[in-house]
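Structure assessment
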Amino acid sequence: METKLQTTPYKGTTDTYPQDMLVRNFMFNTWTSVAKRFGFEEYDTPLIEETTLYIAKSGDEIASTQLYNFTDKGGREIAIRPEMTPSLARMIAAKKNELTLPLKWFNIGKYYRYEKPQKGRRREFVQLNVDIFGVPTLEAELEIFQYILAVMEEFKAPKETYELRVNNRYLLNYLFEDILKLSDEKKGKVGRAIDNYTKLGREAFIEYLKELELNDKQVEQVLEFLKWTLEDLKKIADKSEGAAQLLELFAKAKELGLTNIRFEPSIMRGLLYYTGTVIEMFDIGSKDNPRALLGGGRYDDLLTIFGEEKLPAFGFAWGDIVLEDYLKTYNLIPTTKTDTKVFLPLFDTKLYTYIQGIAKQLREKGINTEAQMTAIKFGNQLKYASKKNIPWVMIIGDDEINAKKVQLKNMATGEQNLVTLEEAMKIINS
Ligand code: HAM
């Protein structure tokens, strides 16, 4: 006997049935419409890239353990993209002299990482990437913050349920170099520990720092650092570029009236290319979604891996999985059940052409129409329309054709009226 193939999708991936697609479209349409409102332009890149692109700057975790990579038939080392940023930098480096700065670009696409599937983490996921190139000052950060907050408002997210946490890599460097006086090798390790601070919990974190051979004083200094507020930054603003930038950023954000943002010294970010500001956003209203909804930062040096001069850049990526979980936690997904507006039953095969003609007229008026293709029992056709939550059924038999009218049935109330096609269109569109 032949072995039967499985119907379950590959580990860490999900099939999206039409009902789930409505939820996805709701999220993606919101991302897109707000991006366009801010003047961001859409772009795209290939799903596969040469592996070296990620080895250069994505960081150890992605490059050595999470990459889906293979050798192609021509012997090239290829990887399926685990993130967008290196491709975007490549694309911009390739046409740097032709592009008019600043660039404000966005994309929604799929990414693949060989991760342990768990709450908020899949092997296949979608990211919205929004990036600005060519703005060296903190106005790039402010533009992105305003975009993120506008999307949250569009989702009608309650203000007390989310927080954009902001830090600066130069401030972390100040901790590593000026306070702790660490070697380059240890900087990376302590950075990773800080990145995992909330996940590890205080005790495990201290243990970990001790394993990295930080002495008691250094451990104390790290713990002190993690308690810093903007007030503490004022004391070192003349010594640390990171502190000065954070103070300026928060002062400007205040002038703009931005809410839901906070300086958080433990935000580190795993990727190697970040230079100044780094951000992550969290659900702070529940314990259901501990992972970051989005993450990003400044990466002014990334173009240098292509032998180009530096180009200021700031951007972030927002994943679909944690966002959907978040929206479900707070009941923010509207209950659209279908995009189809009207269903046309078919009583008799000989009416097929006539009904198709009516469907064509409806579609030309922008009304999403599904017409029955085979003449089966009317009761079953009605049941089908009801099961698919189509709000209107337009019943057309010989009597209606002779009267040049249609029976329009409202599926929610059961009410049915004999009206002209034009009247029916008006009612459906109202
Ligand atoms: P990242 O932090 O690796 O950053 O990912 C950004 C977001 O993508 C995460 O906050 C999460 O929402 C989502 N994400 C990442 N991995 C997974 C996964 N395995 N399953 C589900 N969702 C996931 C970057 O990718 C940077 N390239 C972002 C960026 C853009 N920086 C500057 N511009």
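Residues numbered from 1 in each chain as written. Predicted model: local features only at pLDDT ≥ 70, side-chain atom pairs only at ≥ 80, totals over all residues. Heavy atoms only, no water.

**Some words on the side chain of Ser-266**
For Ser-266, the location among the structural elements is in the loop between β8 (261–263) and β9 (277–283). The class of Ser-266 is buried, set by a relative accessible area of 8%. Engagement of the side chain of Ser-266 in a polar contact is seen with the side chain of Glu-264, the distance being 2.8 Å. Apart from the residues within four sequence positions on either side, Ser-266 is in contact with Asn-167, Ile-194, Asp-195, Tyr-197 and Leu-226. (Helix = DSSP H or I, 4+ residues; strand = E, 2+ residues; numbered from the N terminus. Buried < 20%, exposed > 50% of the residue type's maximum accessible area, 1.4 Å probe, protein only. Polar contact = N/O pair within 3.5 Å; in protein donor to acceptor, adjacent residues only side chain to side chain. Contact = heavy atoms within 4.5 Å.)

**Notes on the site of the ligand**
Around the ligand sit 26 residues, and of these Glu-83, Thr-85, Glu-115, Asp-131 and Tyr-274 come closest. One of the side-chain N or O atoms of Asp-131 is found 2.8 Å from a nitrogen atom in the ligand. Between Gly-319 and the ligand, the recorded distance is 3.1 Å, taken from a backbone N or O atom to an oxygen atom. Contact with the protein chains covers 96% of the free accessible surface of the ligand, which is 660 Å². Counting only elements with at least two residues in the shell around the ligand, the list comes to β6 (124–133), β10 (294–298) and β11 (313–319). Each residue belonging to the shell around the ligand can be placed in one class, and the counts come to eleven nonpolar, eight polar and seven charged. (Near = heavy atom within 4 Å. Areas by Shrake-Rupley, 256 points an atom, 1.4 Å probe, with all protein chains shown as cover. Nonpolar A, V, L, I, M, F, W, Y, C, P; charged D, E, K, R; others polar.)

**What about the environment of Asp-325?**
With respect to the helices and strands, Asp-325 occurs in helix α13 (residues 320–329). Taking the C-alpha atoms as reference points, Asp-325 and Lys-119, separated by 206 residues in sequence, lie 8.9 Å from one another. Once residues lying within four places of it in the same chain are set aside, the contact partners of Asp-325 are Lys-119, Gly-120 and Asn-289.

**A few points about the pairing of β6**
Of all ten residues that make up β6, ten are buried, and the element is covered over most of its length. Because side chains alternate across β6, one face comprises the buried residues Glu-124, Val-126, Leu-128, Val-130 and Ile-132, and the other comprises Phe-125, Gln-127, Asn-129, Asp-131 and Phe-133, equally buried. Pairing analysis gives ten bridges linking strand β5 (residues 103–112) to β6, with the strands arranged antiparallel. The residue of β6 that forms the bridge with Asn-107 is Asn-129. Sheet topology note: the β6/β11 ladder contains seven bridges and is antiparallel. Among the inter-strand pairings, Leu-128 is bridged to a residue of β11, identified as Trp-318. (Pairing = 2+ DSSP bridges.)

**Focus on the packing of aromatic side chains**
Following the criterion strictly, the structure yields 19 aromatic pairs and no others. The interplanar angle of 85 degrees and the centroid separation of 5.8 Å between the aromatic rings of Phe-38 and Tyr-147 together place this pair among those described as edge-to-face. One end of the pair, Phe-38, is in the loop between α1 (18–37) and β1 (41–42); the other, Tyr-147, is in helix α5 (residues 139–154), and 109 residues separate them in sequence. By relative accessible area, which is 22% here, Phe-38 ends up partly exposed. On the basis of relative accessible area, Tyr-147 is assigned to the buried category, the value being 0%. Judged by centre distance (5.0 Å) and plane angle (55 degrees), the ring pair of Tyr-326 and Tyr-330 falls under tilted. (Phe/Tyr/Trp six-rings, centres within 6.5 Å; stacked < 30°, edge-to-face > 60°.)

**A closer look at the nonpolar core**
Counting residues in hydrophobic clusters, the biggest one holds 75 residues, and the most contacted among them are Tyr-147, Ile-148, Ile-194, Phe-316, Trp-318 and Tyr-326. With near-sequence residues (within four places) excluded, Trp-318 lies in contact with Trp-31, Val-126, Gln-127, Leu-128, Ile-148, Val-151, Met-152, Met-281, Leu-293, Leu-294 and Leu-323. Listed in part, the 29 residues of the second largest apolar core include Tyr-43, Tyr-54, Trp-105 and Phe-133. (Core = buried A, V, L, I, M, F, W, Y, C linked by side-chain atoms within 4.5 Å.)

**Considerations on helix α17 (residues 421–429)**
Restricting attention to buried positions, one finds in α17 the residues Leu-421, Ala-424, Met-425 and Ile-428. The buried residues of α17 all sit within an arc of 100 degrees when viewed along its axis, so they share a single face. Opposite the buried face of α17, at more than 90 degrees from it, the exposed residues are Glu-422 and Lys-426. Summarising the contacts, the buried residues of α17 are in contact with β12 (342–344), α14 (352–364), β14 (392–395), β15 (406–410) and β16 (416–419). (Arc of directions from axis to C-beta.)

**Quick word on the layout of surface pockets**
In this model, the second largest pocket occupies a volume close to 320 Å³. Taken together, 15 residues make up the lining of the second largest pocket; nearest its centre are Thr-14, Thr-16, Asp-320, Ile-321 and Glu-324. If you list the elements that add at least two residues to the lining of the second largest pocket, you get α1, β6 and α13. With four residues, the single largest contributor to the lining of the second largest pocket is α13. For the lining of the second largest pocket, the per-class residue count stands at three nonpolar, three polar and nine charged. (1 Å grid on protein atoms, 1.4 Å probe; cavity = no way out; pocket = protein on both sides within 12 Å on 5 of 7 lines; lining within 4 Å. Points joined across faces, edges and corners; volume = space filled by probe spheres on them.)

**Considerations on the sheet that holds β1**
Reading across the sheet, the eight strands line up as β1-β5-β6-β11-β10-β9-β7-β8 and stay open at both edges, with mixed pairing between neighbours. In this open sheet, the two edge strands, each paired with only one partner strand, are β1 and β8. Judged from the four bridges that link them, β9 and β10 form a sheet pairing that is antiparallel. Paired with Val-278 across the strands is Gly-297, a residue of β10. Contacts between α1 and the sheet are confined to β5, β6 and β11, with β5 contributing the most and set at about 160 degrees to the helix. (Axes fitted to C-alpha atoms, helices over the stretch in contact; angles between N-to-C directions.)

**Overview of a nonpolar patch on the surface**
Among the surface-exposed residues, Leu-47, Ile-48 and Phe-70 lie close enough to one another that they form a single nonpolar patch of about 260 Å² accessible area. Looking at the element boundaries, Ile-48 is found in strand β2 (residues 48–50). (Patch = residues over 30% accessible without salt bridge, like charges linked within 9 Å, V, L, I, M, F, W, Y side chains within 5 Å. Salt bridge = Lys/Arg side-chain N within 4 Å of Asp/Glu carboxyl O.)

**Things to note about the domain arrangement of the protein**
Here the domain parsing of the protein yields domain 1 (18–45 + 84–329) and domain 2 (342–429). Spacing between the C-alpha centres of domain 1 and domain 2 amounts to 51 Å. (Domains from an automatic or database assignment.)

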